[in-house]
Amino acid sequence: MNKLAAKLQINRIMIMAFLVNAIYSMIWPVSTLYMHDAFGLSLPIIGVILMCYSLANAAGSVISGYLFDRLSHQKILMSGFYLLLIVSFIGMFGDGLVAFILFLVPFGFITGWCLTVQYALVSDLQVPNPENDSRKNFNLLYLAVNLGLVAGSGSLGLLYRHNEIKTLMATVTVIALIVTLIGLGTGQPNVAENANQVSVHEDDSEGETVLKRDVIIRVFITLFLFWIVYVQWMTNFSVYFTSLGYSAGFYSHVWVINGIGITLIQVFLLRFAHFFKTSIAQSRFGIFFLVLSFGCLLASTNKLWLLVAAVFLTIGEALFVPAAPVVVDQNSPVKVKGRNQGLVNVFSSIGKAVGPALGGVVIVNGGYQMLFLMAILLLLFSEVLLLNFKRK
């Protein structure tokens, strides 16, 4: 694959990632509010439901990552899009709490599938093009993902009003149809050549292999802890903001600011690709800014402090999230790149699964201040994991 073909591939992947994540960001942030306000469910119960969603998300990641290393990439890609279209169409006609839950869990499986395939496709671009900068391509993908999140979350004020979800579901279905047609329009038997069909010489010593495996395991643990903490902003904090007297619109605007900030940071990182010496260093700075974010939440409930906390959250996310899959990609053998990118999303999904329920229990028993302290401790432990690796 020459450089022009690789550029066309990353552009296609970015467009599809934008649309899929626009859909994701329309459903996930509003789920807690919808189940809490429309049906009166408690935060711990909502946490259990979202745990089922995230476990399904992890299952989709495992299966698609496994199949990606063995089957046609185009078939794996389109299977996810077909499933997304079918579930969205069915969900459009559902009514009531049970119907929403029956939509939400399969939706989690499919978004896990699609997200893994997106990252695996970008990882696979490096196989026939070892001169490509993987950090740049993953930053491009994350930029597209973030723009999708901005578009999706920014539209919630128009699509979700008075606990009515029909308009939102119809919009999701239309976007799912568009991304399916784009996937069909690629006109290629494979979006990228299978990694096991590419001859790449790998001659790492046993010591290097063990070290690379250690790096990957540490990143997986850090991803798990990171998302336990981060998902509080996406779920329980929607109720926290409204309990402080702020509107759902303010909560939605926080995510728009978040998305814009991430976009600006990603543009900066694309311009100065090696601003951070290594992806590990970038990850550590990201975690540090999340610690600052929860420190601000401990300090005050004033709107200005909440916005400052959201800015620190944005910086932390923009640095850590795109760096983690790069570290995994750079330390993965060719034959398991798809599987390992799937595991990136698996550990993220498990963190998202545990986070809402754990956060709900902590809030009920100790309040939000206790939740903020717990988040800071988990983040500091993550920082130690990556720092300890650097010293080794």
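Bear in mind that the values here come from a model prediction, so they are computed numbers and not experimental data.

## As for the overall build of the protein
- For the protein, the count of helices and strands is 13 helices and 0 strands.
- Across the protein, helices and strands are ordered from the amino to the carboxyl terminus as α-α-α-α-α-α-α-α-α-α-α-α-α.
- A total of 392 residues make up the protein; the buried ones form 57% of that total.
- Long-range pairs, those at least 24 residues apart, make up 85% of the contacts in the protein with a sequence separation of at least 6.

## Some details on the layout of surface pockets
- Taken as a whole, the second largest pocket spans an internal volume of roughly 300 Å³.
- Every residue lining the second largest pocket is counted, 19 residues in all, and those nearest its centre are Leu33, Leu156, Tyr160, Ala248 and Gly249.
- When contributions to the lining of the second largest pocket are tallied by element, the ones reaching two or more residues are α1 (3-38), α5 (134-154), α6 (156-159) and α10 (248-271).
- Per-element tally for the lining of the second largest pocket: the top contributor is α10, with 7 residues.
- By residue class, the composition of the lining of the second largest pocket is 9 nonpolar, 8 polar and 2 charged.
- Taken together, domain 1 (3-185) and domain 2 (213-388) each give at least three residues to the lining of the second largest pocket, which thus spans both.

## Overview of the packing of aromatic side chains
- On inspection of all chains with the given rule, the structure shows 29 aromatic pairs.
- Ring centres 5.2 Å apart and planes at 85 degrees place the aromatic pair Phe226 and Trp227 in the edge-to-face group.
- On the basis of relative accessible area, Phe226 is assigned to the buried category, the value being 1%.
- Since its relative accessible area comes to 9%, Trp227 is described here as buried.
- Here the aromatic cluster, defined as three or more aromatic residues joined through ring pairs, consists of Trp233, Phe237, Tyr240, Phe241, Phe294, Tyr368 and Phe372.
- It is Arg271 that lies over the ring of Phe272; its NZ or CZ is 4.9 Å from the centre.
- Sitting above the plane of the Trp227 ring, Lys352 keeps its charged end 4.4 Å from the centroid.

## A look at helix α3 (residues 73-92)
- The end-to-end C-alpha separation of α3 is 29 Å, in line with the 28 Å expected for 20 residues at 1.5 Å each.
- Within α3, the full set of buried residues consists of His73, Gln74, Ile76, Leu77, Met78, Gly80, Phe81, Leu84, Val87, Ser88, Gly91 and Met92.

## Quick look at the environment of Leu306
- Mapped onto the secondary structure, Leu306 falls in helix α12 (residues 303-330).
- For the pair Leu306 and Phe241, spaced 65 residues apart in sequence, the C-alpha to C-alpha distance is 9.2 Å.
- The residues contacting Leu306, other than those within four sequence positions of it, are Trp233, Tyr240, Phe241, Leu244, Tyr246, Phe250, Leu297 and Thr301.

## What to know about the confidence of the model for the protein
- Of the residues in the protein, 88% have a pLDDT of 70 or more, and the chain-wide mean is 82.
- Model confidence for the protein, summarised as mean pLDDT per element, is weakest for α6 at 76 and strongest for helix α11 (residues 279-299) at 92.
- Below pLDDT 50 for its whole length, residues 187-200 participates in 34 contacts with residues either more than four positions away or in separate chains.

## Concerning the environment of Leu19
- By the element assignment, Leu19 lies in helix α1.
- Between the alpha carbons of Leu19 and Val172 there is a distance of 9.7 Å; along the sequence they are 153 residues apart.
- Among residues more than four places away in sequence, those in contact with Leu19 are Ile175, Ile178, Val179 and Ile182.

## Overview of a nonpolar patch on the surface
- Among the surface-exposed residues, Tyr82, Ile86, Phe89, Ile90, Phe93, Leu177, Leu181 and Leu184 lie close enough to one another that they form a single nonpolar patch of about 830 Å² accessible area.
- Going through the elements one at a time, α3 and α7 (166-184) are the ones with two or more residues in the nonpolar patch.
- Top contributing element to the nonpolar patch by residue count: α3, with 4 residues.

## Quick notes on the nonpolar core
- Among the nonpolar cores identified, the biggest contains 115 residues, and Trp233, Phe237, Phe241 and Phe294 are the most heavily contacted of them.
- It is α1 that contributes the most residues to this core, 15 residues altogether.
- If you count residues domain by domain, this core takes at least three from each of domain 1 (3-185) and domain 2 (213-388).

## So, empty space enclosed by the protein
- Counted under the stated rule, the structure contains 1 cavity of 30 Å³ or more.
- Its boundaries defined by the atoms lining it, the largest cavity holds a volume of some 570 Å³.
- Along the wall of the largest cavity there are 36 residues; nearest its centre are Asn21, Tyr24, Leu115, Trp227 and Lys352.
- Counting residues per element, the ones that place at least two in the lining of the largest cavity are α1, α2 (43-68), α4 (97-125), α5, α8 (206-234), α10, α12 and α13 (337-391).
- When its residues are assigned to classes, the lining of the largest cavity shows 19 nonpolar, 15 polar and 2 charged.
- Residues lining the lining of the largest cavity come from more than one domain, with at least three contributed by each of domain 1 (3-185) and domain 2 (213-388).

The rules behind these values
Residues numbered from 1 in each chain as written. Predicted model: local features only at pLDDT ≥ 70, side-chain atom pairs only at ≥ 80, totals over all residues. Heavy atoms only, no water. Helix = DSSP H or I, 4+ residues; strand = E, 2+ residues; numbered from the N terminus. Buried < 20%, exposed > 50% of the residue type's maximum accessible area, 1.4 Å probe, protein only. Contact = heavy atoms within 4.5 Å. 1 Å grid on protein atoms, 1.4 Å probe; cavity = no way out; pocket = protein on both sides within 12 Å on 5 of 7 lines; lining within 4 Å. Points joined across faces, edges and corners; volume = space filled by probe spheres on them. Nonpolar A, V, L, I, M, F, W, Y, C, P; charged D, E, K, R; others polar. Domains from an automatic or database assignment. Phe/Tyr/Trp six-rings, centres within 6.5 Å; stacked < 30°, edge-to-face > 60°. Lys NZ or Arg CZ within 6 Å of the ring centre and 35° of its normal. Expected span 1.5 Å × (residues − 1). pLDDT = per-residue confidence, 0-100. Patch = residues over 30% accessible without salt bridge, like charges linked within 9 Å, V, L, I, M, F, W, Y side chains within 5 Å. Areas by Shrake-Rupley, 256 points an atom, 1.4 Å probe, with all protein chains shown as cover. Salt bridge = Lys/Arg side-chain N within 4 Å of Asp/Glu carboxyl O. Core = buried A, V, L, I, M, F, W, Y, C linked by side-chain atoms within 4.5 Å.

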